[in-house]
Amino acid sequence: MIPLQAMVIALVAGAALAVVLTRDLVRLALISSVYGLLLVVLFVVLQAPDVALSALVVSGVGLPFVIAVAIAIDRAR
Amino acid sequence: MSRGFRLGLFAASAVGLAALLLWGVAGLPDFGHYAGPYGYVLNAVAPNERHVTNVVTATVFDYRGFDTLGEEFILFSAAMGVALLLRDVRDEEREPPEDGIRSDAVRLVGVALVPVLVALGLYVVAHGFITPGGGFQGGVVLASAFLVVWLAGEYRAFRRLTPTPAVDLVKGSGAGGYVVVGLAALLLGNAFLHNFGPLGTAGTLASGGSALLLNLASALEVAAAFVLIFTEFGEELVNVRLRGGG
């Protein structure tokens with residue numbers, strides 16, 4: 001494992017912890033997006049660009065979007 | 001249950017889980033040391049056998065095309081499930097209220113971003129057998145282009161671009177088209193989903209044989225499935241807002 005990989009893995013772990021510890025739901029949508037983007041960086045560092053491309057949109061855009069809209073629906077009720 | 005008992009139960013199960021995890025991780029191959037022969041074999045033979053330069057896409061749509069068929073239908077059923085659940089409880093489709101983004105800066109960024117995303121999505125789909133990417137990756141990028149129309153513009157513009165019958169049609173023909181290409185291989189006397197097309201020249205857009213069609217079919221399916229999920233959530237939001245006045 002080269003230092004860059006170790007650093008990105010540590011960042012992903014830190015972001016995962018932040019996702020778990022976040023209680024405010026709107027922040028959760030943002031933090032989970034940051035976590036997803038860090039995961040994308042990890043895939044790139046591990047030389048898996050195909051996976052990185054799909055993760056970029058799915059965990060960086062799709063998941064936070066679904067969380068954000070679910071919160072908006074709940075607030076509108 | 002008393003607090004002490006619960007803490008004890010947690011400690012015991014946490015130690016057990018940690019031990020199992022450590023045991024499992026200790027048995028993994030070392031970091032970066034892949035033990036299976038399959039990847040090395042494909043890396044060695046795929047470029048000559050299938051005239052491709054991106055072995056990942058060749059694996060996904062050609063050597064393991066049948067697995068991808070399953071994944072295709074996982075996404076298909078997931079999006080269908082969302083649609084069935086939400087459409088059932090929704091009232092008549094109503095004209096969504098105006099919710100346009102008022103900030104000129106955000107709108108400008110959106111206007112600039114959408115064509116770039118569409119071009120990038122099409123590029124990633126088309127170059128699937130040449131560079132990293134392919135139907136799934138390009139499909140999600142295309143779907144996110146539509147999402148930007150909503151997020152940086154307005155929901156009504158997004159809905160006008162993605163009429164539900166059209167999205168359903170694209171989604172269905174993407175999933176169905178994948179099966180049709182597989183059946184075409186059967187009709188030509190090969191195994192289901194066997195690559196039958198002219199393989200073309202490696203490194204050009206027309207490489208990959210009939211797996212190129214599978215790539216396109218999955219791009220349609222994935223883009224439409226994501227747009228459908230965005231739409232169903234959006235319609236639900238509009239409906240709740242109209243009803244609750246929130």
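Residues numbered from 1 in each chain as written. Chains lettered and ligands numbered in written order. Predicted model: local features only at pLDDT ≥ 70, side-chain atom pairs only at ≥ 80, totals over all residues.

A.B. asks: Would you mind going over the overall build of chain B in detail, with residue names and values included?
C.D. replies: Per the secondary structure count, chain B includes 9 helices and 0 strands. Compactness check: chain B gives a C-alpha radius of gyration of 23 Å against a globular reference of 18 Å for 246 residues, more than 25% above the reference. Once the C-alpha set of chain B is aligned to its principal axes, its extents read approximately 60 × 60 × 40 Å. The 246 residues of chain B split such that 37% are buried. Residue pairs in contact within chain B that sit at least 24 positions apart in sequence constitute 72% of those at least 6 positions apart. (Helix = DSSP H or I, 4+ residues; strand = E, 2+ residues; numbered from the N terminus. Rg over C-alpha atoms; globule rule 2.2 N^0.38 Å. Buried ≥ 20, exposed ≤ 12 C-beta atoms within 10 Å, placed from the backbone. Contact = placed C-beta atoms within 7 Å.)

A.B. asks: Go over helix α6 (residues 135-153) of chain B with me, naming the residues and quoting the values.
C.D. replies: Residues and elements named next belong to chain B. Between its first and last C-alpha, α6 extends 27 Å over 19 residues, near the 27 Å set by a 1.5 Å rise per residue. Largest kink in α6: about 25°, centred on L147. Among the 19 residues in α6, 17 count as buried, and that is most of the element. (Expected span 1.5 Å × (residues − 1). Bend = angle between axes of the 7 residues up to and from the residue.)

A.B. asks: Any chance you could break down unusual backbone geometry for me, citing the residues and the numbers?
C.D. replies: A positive phi angle is found at Q47 of chain A, which is not glycine, with a value near 60°. The topology assignment puts Q47 of chain A in the loop between α2 (25-45) and α3 (49-76). For Q47 of chain A, a count of 10 C-beta atoms within 10 Å corresponds to the exposed category. With phi around 70°, L193 of chain B is a residue other than glycine that occupies positive phi space. Within the secondary structure, L193 of chain B is located in the loop between α8 (164-187) and α9 (211-244).

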